[in-house]
Amino acid sequence: LRLCVEASSSLEEWLWLVRREKGIYHTLNLFKNDVASNLLRGRGWILTSTLVAARTALKRAHVQMNLTPTAMLERVPTNWPTPPTHFTTNKYTWAFQEFVNTYGVPRYREANPALFTAATFPFFFGVMYGDIGHGSILSMAGLYLILTESKANARGMDEMVSGIYSARYMLFAMGLMAVYAGFVYNDYFSLGLNLFGSSWQYSSQVDGAPATMLGQYGDAQLVYPFGVDPAWKISGNELLFYNSMKMKMSVVLGIFQMTFGILLRGINSFYFRSKLDFFCEFLPMIIFDLALFGYMVILIFVKWSINWQNRMALGSCNYNINGVFGACDLSTTGQCYSYSGNSCTAATLLVELCPLKYGGTGGGCQPPNLITTLINIALKPGSVDEPMYEGQAGVQTFLLLVAFLCVPWLLAVKPLYLKFTHKEPVLKGPTSAENPLLGGHVKGHSNPHGTVGLDASHDEEEEHHHGGGGGDHGHGDGEFNFGEIFIHQAIETIEFVLGMVSNTASYLRLWALSLAHTELATVFWEKAMVAAIEMNNPVLIFFGYAVFAAVTFGVLLCMDVLECFLHALRLHWVEFQNKFFKADGYRFTPFDFRSIIEKAILE
């Protein structure tokens, strides 16, 4: 028994030793014996930044073992496949890089989505989860995980808890963004905070009491310094106001992110010197996007910037003969005057009353329904029912025509260019591109074994930046097939055009999740806490608070966090990354003693 106890104390150390030796010999078995020079030759990838350190380590090993320098590390000039992808991460960016790698590893030197996801993911989560109180609790939980991060590597740590620790900085950032959005919404556990003084005053505290503005409409001094005026939290049209604000905000944020994704596509094409992709894919995509969806954002800001109270006054029939607004009432007199001084009655059309004369049914004096306006751009070109500026119908017709021309440009130009510039390849014999270390895989194909390799020259990297000389489009190493190329381009065109519409609608989940979070918090507060407080019974108030805390924790701090987390993840995987991300690279997996030993640790 004592022998078994003594042996067990050294078991883990033996496992470490055996796994290290097996790893070394397994790697050495990948080397090839060079009979002519009596050497073992091995080819593999290494990070350029660690090349000097690797050579220094070889020299140090020779000195320590008192050996003649026989091992060499040199750059191999032979053509290699597409290099593996490696990104240096820190404690904050590691979790976001894993998100991206779960979807697909970026191509070598392709724009890395994780860099932008690290900023936009917590922000979009905060937009959906915006609440000062709930966000503070989440950020404090993330801060606790950061302060106790030494426990993450403790023996026997549960796998789920270890995964939560790995996302500690992400959780902290998500909580901070939720607090920020909560200040924008002025939402603290569904209650509004009067931090800077409201610009509205209610005549009484009775439900339905009217509120009056403490100044003139449009006065800059009445603008709430940050976020929403708390008066909206207790107004009768609270839901209508927040719905309008959050819906438009979601569309603006979504179009900005999708446009940025298309710009990254252009940056990739420019970096890889792919003029064909730049002029035949990026340009029609960005023009189509800006002509329709960028214009949508402009309309939203234009509508926000117009003083509609003044415009509606211009289109009203409430002026007297002296031009005083509100001095005449059609309910008491049958005839009044318009802003232009013309007599009018209740039957006079708004377009006749409005002095702006922008056309349509409102003439520019009535706020439009933007959804109807945007739909009519395609269904009723050249016609605007409720214009906001002069010449709006002509501008929208021109933009629709530009967007329409981008579709055949994106669909046909690239395949036709490839067809007319393609030359039949000259048949050649076997080349030396076959790499024995990769198991016979030829140049231009990824290494399925994940082995690492010595970095190729810059020219070779440029030659293989598309993972095999254009294998994405059915040409390059294989036989040229125009039909296959055209079908591929048609699918990409349909996916982009329809995807822009569906992806824009998909960003409305920012509004929907934010609305659901706010309404749930309101229901929990009113039904649990307010109902108990109104009973004026300490015992019932205690139990009411217990119910409120329990449902808040279970629903809003657990389930809703996960829900907003998954929706934010989907927005990045589907709506953002599909605009530029190929995701067909393979990860750099170097020989590493630490990863080998970690598999031999006994629980």
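(A) Just the packing of helix α5 (residues 113-129) against helix α9 (residues 238-271), in detail. Two numbers describe how α5 lies on α9: the axes approach to 12 Å, and their chain directions differ by 165 degrees. As summarised for this structure, α5 and α9 are arranged roughly antiparallel, according to the angle between their axes. In this structure, α5 crosses over α9, and the sense of that crossing is left-handed. Contact with α5, carried on its side by Phe116, Thr120, Phe123, Phe124 and Val127, involves Met249, Leu253, Gln257, Phe260 and Leu264 of α9 and no other residues of that element. Taken together, the residues of the contact of α5 with α9 break down into 8 nonpolar, 2 polar and no charged.

(B) How the structure looks around the state of the cysteines. In total, this model carries 3 disulfides according to the counting rule given. Two residues share a disulfide in this structure: Cys354 and Cys365, whose sulfurs sit 2.0 Å from each other. Linking Cys354 and Cys365, the disulfide has an S-S dihedral of approximately 70 degrees and is accordingly described as right-handed. In this pair, Cys354 is assigned in the loop between α12 (350-353) and α13 (370-379) and Cys365 in the loop between α12 and α13, connecting sequence segments 11 residues apart. Here Cys354 matches Cys365 in class, with each residue buried. Each disulfide in the chain links cysteines that, numbered along the sequence, combine into the pattern 1-4, 2-3, 5-6.

(C) Examining the nonpolar core more closely. Phe121, Met170, Met174 and Leu510 are the most contacted members of the largest nonpolar core, which totals 69 residues. It is helix α10 (residues 275-305) that provides the largest number of residues to this core, a total of 11 residues. Residues within four places of Leu510 in sequence aside, it is in contact with Phe124, Val127, Met128, Ser250, Leu253 and Leu571. Counting residues in hydrophobic clusters, the runner-up holds 6 residues, among them Ala521, Phe524, Ala528 and Met529.

(D) A look at the packing of α9 against α10. The contact between α9 and α10 brings their axes to 10 Å, and the two run at 160 degrees. What the angle tells us is that α9 and α10 run roughly antiparallel. At the point where α9 passes α10, the crossing takes the left-handed sense. Tallied by class, the residues present in the contact of α9 with α10 amount to 18 nonpolar, 4 polar and 5 charged.

(E) Fine view of empty space enclosed by the protein. All chains considered together, the criterion is met by 4 cavities of 30 Å³ or more. In this structure, the largest cavity is lined by Lys233, Glu238, Leu239, Tyr242, Lys246, Leu515, Thr518 and Glu519. Those elements that provide at least two residues to the lining of the largest cavity are α9 and α17 (509-534). For the lining of the largest cavity, a count of residues per class yields 3 nonpolar, 1 polar and 4 charged.

(F) Quick look at the pattern of salt bridges. Considering all chains together, one arrives at 12 salt bridges under this definition. Ionic pairing is found between Glu98 and Arg587, a salt bridge with its closest N-O pair at 3.8 Å. Here the residue Glu98 occupies a position in helix α4 (residues 93-103), and Arg587 occupies one in the loop between α18 (538-576) and α19 (593-598), the gap between them amounting to 489 residues. Its relative accessible area of 23% is what places Glu98 among the partly exposed residues. Looking at Arg587, the relative accessible area reads 36%, which means it is partly exposed. In this structure, Lys233 and Glu238 form a salt bridge, with 3.5 Å as the shortest nitrogen-oxygen distance. Of the two residues, Lys233 and Glu238, both sit in the buried class.

(G) Geometry of the side chain of Ser274. Mapped onto the elements, Ser274 comes out in the loop between α9 and α10. Exposure remark for Ser274: the relative accessible area of 13% places this residue in the buried category.

(H) Here's a closer look at the environment of Ala505. Among the structural elements, Ala505 can be located in helix α16 (residues 482-506). Looking at Ala505, the relative accessible area reads 44%, which means it is partly exposed. Distance in space between the C-alpha atoms of Ala505 and Ser250 is 9.3 Å, their sequence separation being 255 residues.

(I) The arrangement of unusual backbone geometry in detail. The backbone phi angle of Asn536 is positive, close to 55 degrees, even though this residue is not glycine. When you line up the elements, Asn536 lands in the loop between α17 and α18. A relative accessible area of 67% places Asn536 in the exposed class. The phi torsion at Ala583 lies on the positive side, around 60 degrees, for a residue other than glycine. On the secondary structure map, Ala583 appears in the loop between α18 and α19.

(J) Quick look at α5. In a regular helix each residue adds 1.5 Å, so 17 residues correspond to 24 Å; α5 covers 23 Å between its end C-alpha atoms and thus fits that length. Ala119 marks the point of greatest bend in α5, at about 35 degrees, and the proline Pro122 comes within the next four residues. In terms of residue burial, α5 counts as a mostly covered element, since 12 of its 17 residues are buried. Buried within α5 we find Pro113, Ala114, Thr117, Ala118, Phe121, Pro122, Phe124, Phe125, Gly126, Val127, Met128 and Tyr129.

(K) A look at the packing of aromatic side chains. Enumeration according to the criterion identifies 30 aromatic pairs in this entry. Ring plane angle 5 degrees and centroid distance 6.4 Å describe the contact between Phe260 and Phe576, whose orientation is recorded as stacked. Within this pair, whereas Phe260 is found in helix α9, its partner Phe576 is found in helix α18, the two being separated by 316 residues in sequence. You can call Phe576 buried: its relative accessible area is 1%. Ring pairs connect the aromatic residues Tyr103, Phe116, Phe260, Trp573, Phe576, Phe580 and Phe581, which therefore count as one cluster. Here Lys233 stacks its cationic end above the ring of Tyr242, 5.2 Å away from the centre of that ring. Sitting over the ring of Tyr185, Lys246 keeps its end group 4.2 Å from the ring centre.

(L) The environment of Gly382, seen in detail. Note on placement: Gly382 falls in the loop between α13 and α14 (392-421). Classification of Gly382 by relative accessible area gives partly exposed; the value is 48%. On a C-alpha basis, the gap between Gly382 and Gly394 in space is 6.1 Å, while along the polypeptide they are 12 residues apart. Leave out the neighbours within four places in its chain, and Gly382 touches Ala393 and Thr397.

Rules used in this analysis
Residues numbered from 1 in each chain as written. Predicted model: local features only at pLDDT ≥ 70, side-chain atom pairs only at ≥ 80, totals over all residues. Heavy atoms only, no water. Axes fitted to C-alpha atoms, helices over the stretch in contact; angles between N-to-C directions. Helix = DSSP H or I, 4+ residues; strand = E, 2+ residues; numbered from the N terminus. Parallel < 35°, antiparallel > 145°, perpendicular 65-115°, else oblique. Left-handed = near helix turned anticlockwise from the far one by under 90°. Contact = heavy atoms within 4.5 Å. Nonpolar A, V, L, I, M, F, W, Y, C, P; charged D, E, K, R; others polar. Disulfide = S-S within 2.5 Å. Buried < 20%, exposed > 50% of the residue type's maximum accessible area, 1.4 Å probe, protein only. Core = buried A, V, L, I, M, F, W, Y, C linked by side-chain atoms within 4.5 Å. 1 Å grid on protein atoms, 1.4 Å probe; cavity = no way out; pocket = protein on both sides within 12 Å on 5 of 7 lines; lining within 4 Å. Points joined across faces, edges and corners; volume = space filled by probe spheres on them. Salt bridge = Lys/Arg side-chain N within 4 Å of Asp/Glu carboxyl O. Expected span 1.5 Å × (residues − 1). Bend = angle between axes of the 7 residues up to and from the residue. Phe/Tyr/Trp six-rings, centres within 6.5 Å; stacked < 30°, edge-to-face > 60°. Lys NZ or Arg CZ within 6 Å of the ring centre and 35° of its normal.

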